[in-house]
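Coordinate inspection notes
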Amino acid sequence: MKILTFFSLFSTFLSANSINVEENAGQFFSSGHTNNWAVLVCTSRFWFNYRHVANTLSVYRSVKRLGIPDSHIVLMLADDMACNHRNPKPATVFSHKNMELNVYGDDVEVDYRGYEVTVENFLRVLTGRLPPSTPRSKRLLSDDRSNILIYLTGHGGNGFLKFQDSEEISNVELADAFEQMWQKRRYNELLFIIDTCQGASMYERFYSPNLMALASSQVGEDSLSHQPDLAIGVHLMDRYTFYLLEFLEDIHPASKANMKDLFKVCPKSQCVSTPGHRTDLFLRDPGSALITDFFGSVRKVEITMETINLTDLIKEAEQKNIHTTANLQFPPLHLSSFLPYLTPYPQKPKQKDWHPPDGFILGLWTLILLVFFKTYGIKHLKHIF
Amino acid sequence: MAAPLTLLLIVAVTIRAALYRSSLADLISERVEVVSPLTAWKRVVEGLALLDLGVSPYSGDVFHETPLIIYFFHFLVDYAEITFMLADVITAVALYMTVKDYNKQVFRKQKYALEADRYPLDCLELIRSPKEMYYIPLKVAMFYLLNPFTILSCVAKSTCGLNNAVIALFILSTIKGNVLLSAVFLSLATYQSIYPLTLCAAALLYLMQRQYIPVNYRRASFWWFIAQYAFMYLGSLFVIVCLSFFLLGSWDYLPSVYGFILSVPDLTPNIGLFWYFFAEMFEHFRLFFLCVFQINVFFYTIPLSIKLKEHPVFLIFMQLAVISIFKSYPTVGDIALYLAFLPVWSHLHRFLRNIFLVSCVLLACSALFPVLWHLWIYAGSANSNFYYAITLLFNVAQILLVSDYFYAFLRREHHLTYGLYLKRKDGSEATLVLK
């Protein structure tokens with residue numbers, strides 16, 4: 001099973017580049033994921049937050065176009081803009097002005113809608129601790145070979161993100177949720193994108209390995225919206241997601257664009273705020289991580305008649321990785337090196353039996369004997385000795 | 001009388017053993033009327049488990065027993081059922097011996113008074129005879145052992161049984177006249193829960209009368225005896241407290257045990273009066289009302305001991321009742337202890353006015369406690385007011401019982417001094433009113 005997966009993945013690179021299989025196979029071992037998931041969350045409700053729903057739906061559209069199926073996308077929209085009474089064009093959500101692009105077609109599957117989008121549900125989706133009656137479409141059924149894309153948008157502040165205008169999730173909670181996911185082996189690599197005001201504060205507290213984070217603005221800056229549409233009457237998109245979408249429109253499933261290009265999306269001249277990113281927890285070089293590793297689900301199969309020695313390539317990739325990640329504390333990508341993480345919880349302390357101190361026992365029984373002899377007379381002493 | 005007592009003990013132990021083996025044991029050990037945060041067996045086991053894990057059992061709000069209980073149960077936790085049955089047996093035997101001795105003294109005093117012609121002629125029907133007093137000790141042991149409250153308390157493995165045993169031993173040693181043992185057991189009882197401190201006055205009065213020291217604050221021998229007793233009592237209390245320090249090497253049992261009893265932080269409903277008041281009280285007034293409630297327990301000592309200074313054993317009974325009603329976490333086990341004394345005053349039945357009312361209310365409330373708890377917690381159709389109403393009614397019935405006995409006792413004493421059929425100066429019949 002594993003050989004087949006390896007085989008299929010490595011053949012992908014074969015088709016993209018030249019017939020030089022060995023070179024591509026080396027590259028393929030660098031990613032290590034076999035499936036892709038996406039969790040796309042819009043946290044704001046009310047009509048004037050139309051742009052947040054449009055943001056999320058645009059990313060949804062790109063992700064679907066690049067190959068991630070609906071069964072692997074958890075889409076959470078806190079409000080229904082398409083059927084809102086104030087929408088002059090019902091059943092549509094536009095992301096470009098002049099109604100160029102309707103991101104709400106008839107194949108949009110929203111998994112968590114309206115009031116179901118809460119901090120609790122979001123954290124439960126991430127950690128997998130859902131009640132047994134939850135349907136599959138509402139679950140994040142990732143495993144340790146999944147690359148997950150998490151996209152959050154809404155209103156935020158320094159260290160928190162507001163859900164539904166009534167509760168917040170803090171950056172510490174989010175970091176702990178990711179750590180739970182890491183300890184439960186729920187992701188291979190995770191890309192976290194957030195488009196809110198002061199979004200960089202949300203990834204400050206991450207401490208689990210294999211996380212890469214992007215944010216639309218630094219702490220102290222606001223993320224601004226892009227363009228209003230005068231017919232609909234609200235802003236349609238946020239700047240960062242607008243330029244992100246433009247960038248993603250150029251990506252196709254065979255594209256070789258890597259994360260470094262993603263960091264360049266929306267410079268200050270276009271975005272007014274300064275987008276930030278965090279890659280120190282990511283074990284690979286971001287330059288070797290493809291956009292399609294997270295935004296797409298690449299599944300092409302090529303047939304080759306050559307024989308390839310896979311073990312050499314693994315060692316080669318490892319060495320390359322050690323070289324680039326030498327200054328990190330995390331162990332190299334070898335299964336045995338995950339063993340420290342395989343015992344996530346501290347061992348139960350050894351059951352040592354507690355004994356009362358000897359001085360106490362001595363003192364207590366001396367007292368008892370004293371009282372006894374005082375009451376009943378010293379003549380009983382001879383029965384002891 | 002050893003044979004009937006042994007038979008009674010066997011019957012009681014059988015009942016308890018049978019209940020231990022049935023499925024009711026788990027149900028009973030969770031009832032809030034039977035266990036309180038101070039006496040629950042679950043918490044003892046939890047504390048011992050914490051100790052085995054290397055953590056002090058007093059960290060957190062789980063364990064509120066004294067270190068001597070830790071030491072005691074460290075070795076006996078597997079034999080807990082036998083321990084509690086043994087505690088009940090010891091209590092019953094101690095009460096039996098106490099009441100036997102007390103009856104002898106009562107009869108002797110009565111004989112001297114008869115010979116000295118101190119009783120008016122028409123109250124001879126109030127004189128007690130050995131024949132009627134013969135079965136009283138057995139009745140006392142029976143009242144304690146076969147009381148449903150005691151059985152429930154024993155089956156729930158509530159440490160109230162141990163507290164009762166210590167208090168019973170204290171009463172036994174006081175009646176027997178042994179000053180040292182009385183002080184030691186009283187200090188043990190106070191160490192376990194603070195309230196038996198009020199029994200000090202009664203013990204002092206009794207021991208002084210037994211040693212023929214006149215109870216007169218102007219006499220030096222009075223103060224000297226008090227000094228002796230206080231020294232023994234405080235000394236043994238100090239020794240026990242220091243010894244408890246050496247068990248775990250820290251003083252944090254003091255706020256956990258005594259701070260807990262005095263400051264009542266846990267407001268789990270029980271059959272007492274504290275929880276409802278303090279649940280709805282503003283923080284600003286909490287300290288004030290805490291002081292008021294706690295002083296209420298200790299306050300009745302002084303007037304009662306002044307009024308009952310000739311009758312210290314009745315004073316002990318009254319004090320036990322006051323403690324059981326007004327303590328911060330009462331359980332039915334505390335009530336069982338003073339109810340056991342009722343046969344001793346069975347000769348007062350002709351002066352008791354509220355027997356029917358009190359017994360009906362007590363029975364009804366005991367039956368309604370689980371019903372209203374279920375309605376409140378499980379069915380959701382009642383609320384805490386319902387349960388508190390029954391608690392209030394139960395306590396009112398207890399207070400009525402105690403005050404009724406008080407009235408009857410004093411009235412009998414009055415009749416013994418002034419005659420049974422009271423006449424006013426003009427010869428018409430008079431009635432006696434307790435003022």
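Cut-offs applied
- Residues numbered from 1 in each chain as written.
- Chains lettered and ligands numbered in written order.
- Predicted model: local features only at pLDDT ≥ 70, side-chain atom pairs only at ≥ 80, totals over all residues.
- Heavy atoms only, no water.
- UniProt positions renumbered as here; feature names shortened; annotations may be inferred.
- Buried < 20%, exposed > 50% of the residue type's maximum accessible area, 1.4 Å probe, protein only.
- Helix = DSSP H or I, 4+ residues; strand = E, 2+ residues; numbered from the N terminus.
- Expected span 1.5 Å × (residues − 1).
- Contact = heavy atoms within 4.5 Å.
- Buried area = accessible area lost by both parts, 1.4 Å probe.
- Salt bridge = Lys/Arg side-chain N within 4 Å of Asp/Glu carboxyl O.
- Nonpolar A, V, L, I, M, F, W, Y, C, P; charged D, E, K, R; others polar.
- Polar contact = N/O pair within 3.5 Å; in protein donor to acceptor, adjacent residues only side chain to side chain.
- Disulfide = S-S within 2.5 Å.
- Pairing = 2+ DSSP bridges.
- Phe/Tyr/Trp six-rings, centres within 6.5 Å; stacked < 30°, edge-to-face > 60°.
- Lys NZ or Arg CZ within 6 Å of the ring centre and 35° of its normal.
- Core = buried A, V, L, I, M, F, W, Y, C linked by side-chain atoms within 4.5 Å.

- The name that an unreviewed UniProt entry assigns to chain B is Phosphatidylinositol glycan anchor biosynthesis, class U, with the source organism given as Sander lucioperca.
- Listed in UniProt under the heading Pathway (unreviewed entry), the comment for chain B reads: "Glycolipid biosynthesis; glycosylphosphatidylinositol-anchor biosynthesis."
- Turning to chain B, the UniProt record has this under Subcellular location (unreviewed entry): "Endoplasmic reticulum membrane".

- As recorded in an unreviewed UniProt entry, chain A goes by GPI-anchor transamidase and comes from Sander lucioperca.
- Taken directly from UniProt, the Subunit (unreviewed entry) text for chain A runs: "Heteropentamer. Part of the GPI-anchor transamidase complex, consisting of PIGK, PIGT, PIGS, PIGU and GAA1. Interacts with GPAA1. Interacts with PIGT; this interaction, via a disulfide link, stabilizes the expression of GAA1 and PIGK and links them to PIGS."
- According to its UniProt record, chain A has this under Pathway (unreviewed entry): "Glycolipid biosynthesis; glycosylphosphatidylinositol-anchor biosynthesis."

Examining helix α4 (residues 67–76) of chain B
- Within α4 of chain B, seven of the 10 residues are buried, which leaves it mostly tucked inside the rest of the structure.
- Among the residues of α4 of chain B, those classed as buried are P67, L68, I69, I70, Y71, F73 and H74 of chain B.

Points about helix α5 (residues 80–115) of chain B
- With 36 residues, α5 of chain B extends 52 Å between its outermost C-alpha atoms, agreeing within 8% with the 52 Å of an ideal straight helix rising 1.5 Å per residue.
- Count one or two residues on from α5 of chain B and you reach D117 of chain B, which has phi positive near 60 degrees.

Brief notes about the interface of chain A and chain B
- Contact with chain A, which involves 17 residues of that partner, is made by 18 residues of chain B.
- Here chain A and chain B share an interface that buries about 1600 Å² over both sides, 75% of which is from carbon and sulfur atoms.
- Put simply, chain A and chain B have zero salt bridges between them.
- Tallied by class, residues from the side of chain A that touches chain B come to 10 nonpolar, four polar and three charged.

Focus: the UniProt feature "active site" (unreviewed entry) in chain A
All names here are of chain A.
- Here, the residues flagged by UniProt with the feature "active site" (unreviewed entry) are H155 and C197. Their sequence span is 43 residues, while the largest C-alpha to C-alpha distance among them is just 6.4 Å; these annotated residues converge on one region.
- Following the sequence through the fold, H155 ends up in strand β5 (residues 155–157).
- For H155, the residues in contact, after removing those within four places along its chain, are T43, S44, N49, R51, H52, L161, K162 and T196.
- Side chain to side chain, H155 and N49 meet in a polar contact 2.8 Å long.
- Mapped onto the elements of the fold, C197 is located in the loop between β8 (189–195) and β9 (211–215).
- Leave out the neighbours within four places in its chain, and C197 touches G156, G157, S217, E221, D222 and S223.

Comments concerning the state of the cysteines
Residue and element names in this part refer to chain A.
- Taken as a whole, this structure holds one disulfide over all chains when the rule is applied.
- Paired through a disulfide, C266 and C271 show a sulfur-sulfur distance of 1.5 Å. Negative torsions about the S-S bond denote left-handed disulfides, and the value of about 95 degrees found for C266 with C271 makes this one right-handed.

Describing the pattern of salt bridges
- All told, the structure shown has 22 salt bridges over all chains when counted by the stated rule.
- The residue R16 of chain B makes a salt bridge to D88 of chain B at a minimum N-O spacing of 2.8 Å. With R16 of chain B in helix α1 (residues 2–21) and D88 of chain B in helix α5, this residue pair connects regions lying 72 residues apart in the sequence. Each member of the pair, R16 of chain B as well as D88 of chain B, is classed as buried.
- Residue E33 of chain B pairs with R31 of chain B through a salt bridge whose shortest N-O separation is 3.1 Å.
- Taken together, the salt bridges that share partners define one network made up of K64, D70 and D107 of chain A.

What about the pairing of strand β4 (residues 146–153) of chain A?
Residue and element names in this part refer to chain A.
- The buried fraction of β4 amounts to eight of the eight residues, a majority that puts the element mostly inside the structure.
- Every second residue of β4 is oriented toward a common face, with S146, I148, I150 and L152 on one face and N147, L149, Y151 and T153 on the other, all of them buried.
- As paired strands, β4 and β8 are joined by seven bridges and run parallel to one another. If you follow Y151 over to β8, its bridge partner there is I193.

Let's talk about the packing of aromatic side chains
- On inspection of all chains with the given rule, the structure shows 54 aromatic pairs over all chains.
- Between Y300 of chain B and F326 of chain B the ring centres are 5.7 Å apart and the planes differ by 15 degrees, which places this aromatic pair in the stacked class. Linking Y300 of chain B in the loop between α15 (283–299) and α16 (301–307) with F326 of chain B in helix α17 (residues 312–326), this pair joins segments that are 26 residues apart in sequence.
- Residue Y300 of chain B is classed as partly exposed on the basis of its relative accessible area of 32%.
- Above the ring of Y115 of chain A, the side-chain terminus of R45 of chain A is found at 3.9 Å from the ring centroid.

Some details on the UniProt feature "signal peptide" (unreviewed entry) in chain B
- This chain's UniProt record puts "signal peptide" (unreviewed entry) on residues 1–25 of chain B.
- The distance from the first to the last C-alpha atom of residues 1–25 of chain B is 32 Å, and the span holds 88% helix and 0% strand.

What about the nonpolar core?
- Y229, L308, F314, L320, Y338, W345 and Y405 of chain B are the most contacted members of the largest nonpolar core, which totals 158 residues.
- Excluding residues within four positions of it along the chain, Y338 of chain B makes contact with F317, L320, A321, S324, Q398, L401 and V402 of chain B.
- Residues V59, L77, Y240 and F247 of chain A belong to the second largest nonpolar core, which totals 53 residues.

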